[in-house]
Amino acid sequence: MIALSIFACDSQRFRLRSGPKKVDWKEIEKRGVLTVLAENGPASYFIYKGKNMGYEYELLHEFTKDMDIRLQIKTVHNFDSIFTKLYNFEGDLIAYNLTVTPERAAMVNFSTPHLISHQVLIQRIPEKYDPKKDSIPPPPLITELEQLAGKTISVWSQSTHLTQIKKINEALNLNMNIVPLDGDISTEEIIRLVSKGLLDYTITDENIAQINQIYWDNLNIELKLSSDEEIAFAARLNSNQLIDTLNYWLADKKNKSTIAEVKRKYFHRKRLPNKAGSEYSSSSGNQLSPYDNIIKRGASKIGWDWRLISALIFQESKFETYKISWAGAFGIFQFMPATAASYGIGPGSSVKAQIKAGIRKLNKNYKQWLAIIPDSLEATYFTLATYNAGSAHIIDARALAPYFKKDSNIWFGNVDSMVLGLSRPKYYNHPAVKYGYMRGSQTFDYVAEIMERYTEYKHAYPEKNDK
């Protein structure tokens, strides 16, 4: 009853906070970005070698692609804060493998369910008993609810799993030891602790259990603890247009095969979800790429955040060190041969040498822009744009800015719009332009996507000095 009273209080508070400010589909479309609050795990969202993955992420990626907007993820490491963050407008939508309940429905606006699941017990498969080595046999596998009597079960404190196991405990008088866990421990971490024998039992939804069973093969997930439950996305109570738009997409027959394929990928195939257990996965490892240490050392020398450089590298090569583009650009930083030669590297150079050269080039361009644009963050944006398009067209875009009442020292909403315009005669034939036409949409998207990915990397790989 305590949990229900908390939900009731929060419901009233969130209803009051849902107005008068409103950020709904119209505002999201205008902004061009849907911001999603997500759990760091394979059922929701994780990063594998710099690439965004996850069941709910891929569904929303397909949705935003069809809506012609971008998707930005903010990883939330503590479930207890998820609704507060939503109503603080830190995100537009929750993708947290969220079970639909009446209490939550009073707090948020749920989408049509995208998945049906049920709760299961996570337990270790008993090891083979050797009477010569083991003094006592391991506990038997629990196959009936009555066998839970006296057992210790660790469950998220704000989850529907806690409510369900309490009901079972009271109904069958099992005298279980139920241990509530704080929301800053991820589902995957709790399951790992059970696999390693550091926790006895836990509860999760079957879809999450299925994924985790792939890389913890000593787990049993057969005991069903609830009836089927709906899992859905959630928005603020006054975000009706957003939910209506998402619901229409989820129900559209032409998307049926796409949605089914995403489900197969994560719940019915063993190869792809196993990446979530890699040391290069944000859900279980601590490395973004195999080259983190090299990037960190180089970034520290020029005062850049290594995660920003990693975001640029992923944009260029997806960390594929031997990639060669149709234009002849090669390697992890996708150097053109002539530029590479000026930095003393070639296609056969080591990854370490390529990264050093790429960071040197970034630093050179950054210092050039900083001498013109005193704001270090703005100089960074111009540096990224220059890496993609070269300096000539960016200089043209700055020269155009005053003629169109834009600030030539600010990238977003100002010079980036001039870059976009340089693919149209009105702009590239202007007297202020020296270098003519450019395919501006590529550079326009390039900077925005790198900064969005950088934000995602910061959330997935937080550091002490993050603001």
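Refer to the structure presented above.
Please read all numbers here as calculations on a predicted model, not as lab measurements.

Student: What am I meant to see in helix H7 (residues 187-195) here?
Tutor: An α-helical segment advances 3.6 residues per turn. Residues three or four places apart therefore align on the same side. Among the nine residues in H7, seven count as buried, and that is most of the element. When H7 is considered as a whole, its buried residues turn out to be Thr187, Glu188, Ile190, Ile191, Leu193, Val194 and Ser195. If you follow the buried residues of H7, they end up packed against strand S8 (119-124), strand S9 (152-156), strand S10 (177-181), strand S11 (202-205), helix H8 (206-215) and strand S12 (219-220).

Student: Just to check I follow, could you spell out the pairing of strand S13 (residues 229-235) for this structure?
Tutor: The side chains of a regular strand alternate between both faces of the sheet. A large share of S13 lies buried, amounting to six of its seven residues. Relative to S13, strand S5 (residues 93-99) is paired through three bridges, and the arrangement is antiparallel. Bridge pairing in S13 links Leu98 to Ala232. Sheet analysis places strand S6 (residues 109-110) next to S13, joined by two bridges and oriented antiparallel. Counterpart to Asn109 in the pairing with S13 is Ala235. Inspection of the sheet shows strand S7 (residues 115-117) paired to S13 by three bridges, in the antiparallel sense. Its bridge partner being in S13, Leu115 is matched across the sheet by Ile231.

Student: Sorry if this is basic, but what is going on with the sheet that holds S8 here?
Tutor: Note: strands within a sheet are paired through backbone hydrogen bonds, in either parallel or antiparallel orientation. Read from one edge of the open sheet, three strands run S11-S8-S12, paired in antiparallel fashion. Each of the sheet's edge strands pairs with one partner strand only, and the pair in question is S11 and S12. Bridging between S8 and S12 involves two bridges; their strand directions are antiparallel. When the bridges of S12 are listed, Gln123 appears paired with Asn220.

Rules behind the numbers
- Residues numbered from 1 in each chain as written.
- Predicted model: local features only at pLDDT ≥ 70, side-chain atom pairs only at ≥ 80, totals over all residues.
- Heavy atoms only, no water.
- Buried < 20%, exposed > 50% of the residue type's maximum accessible area, 1.4 Å probe, protein only.
- Helix = DSSP H or I, 4+ residues; strand = E, 2+ residues; numbered from the N terminus.
- Contact = heavy atoms within 4.5 Å.
- Pairing = 2+ DSSP bridges.

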